[in-house]
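# Examining the three-dimensional arrangement
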Amino acid sequence: MLDIESDTSEKTDECCIFCQIAAGDDEEAEIMKKSEELVCFRDVDPAAPHHFLVVPTEHIRDGLSLHRGHAGLVKRMAQMGEAVLRDQGVTDMTNVRYKVR
Ligand SMILES: [Zn+2]
């Protein structure tokens, strides 16, 4: 017999807190916005009055795991973040900081 296993079919990691939040399994998380591929929620330890995190529903280990193919995704993450800020009444986007991690 031939037994082949591959990680690539695993879209989520059960041990990953961000995957849990994206799946709606973390009741503490305050979800601000949601799409099929992204979830935006409030940072539990905000460093600014408006501090949000956007994570993909597909597990990506960290910023170093990103490749060219993620460019569109990262752009949409930023767009979702901006949309949430606008919902919060933030109009000046020049003062917004982004951090990939
Ligand atoms: Zn994950």
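Being a predicted model, the structure only gives us computed values, none of them experimental.

What counts as what
- Residues numbered from 1 in each chain as written.
- Predicted model: local features only at pLDDT ≥ 70, side-chain atom pairs only at ≥ 80, totals over all residues.
- Heavy atoms only, no water.
- Donors = N, O, S within 2.8 Å, 3.2 Å for Na, K, Ca; no water.
- Buried < 20%, exposed > 50% of the residue type's maximum accessible area, 1.4 Å probe, protein only.
- Salt bridge = Lys/Arg side-chain N within 4 Å of Asp/Glu carboxyl O.
- Helix = DSSP H or I, 4+ residues; strand = E, 2+ residues; numbered from the N terminus.

Turning our attention to the coordination of the zinc ion. Looking at the zinc ion, the protein donor atoms are Cys16 (SG), Cys19 (SG) and His59 (ND1), and they sit 1.9 to 2.3 Å from it. In the primary structure, the donors to the zinc ion are separated according to the pattern C-x2-C-x39-H. For Cys16, a relative accessible area of 15% puts it in the buried group. A residue is classified by how much of its surface remains accessible, and Cys19, at 7% relative accessible area, is buried.

Attention now goes to the pattern of salt bridges. Scanning all chains against the criterion turns up three salt bridges. The residue Asp87 makes a salt bridge to Lys33 at a minimum N-O spacing of 3.2 Å. Here Lys33 lies in strand 1 (residues 31–34) and Asp87 lies in helix 2 (residues 71–87), a separation of 54 residues in the sequence. Given a relative accessible area of 53%, Asp87 falls into the exposed group.

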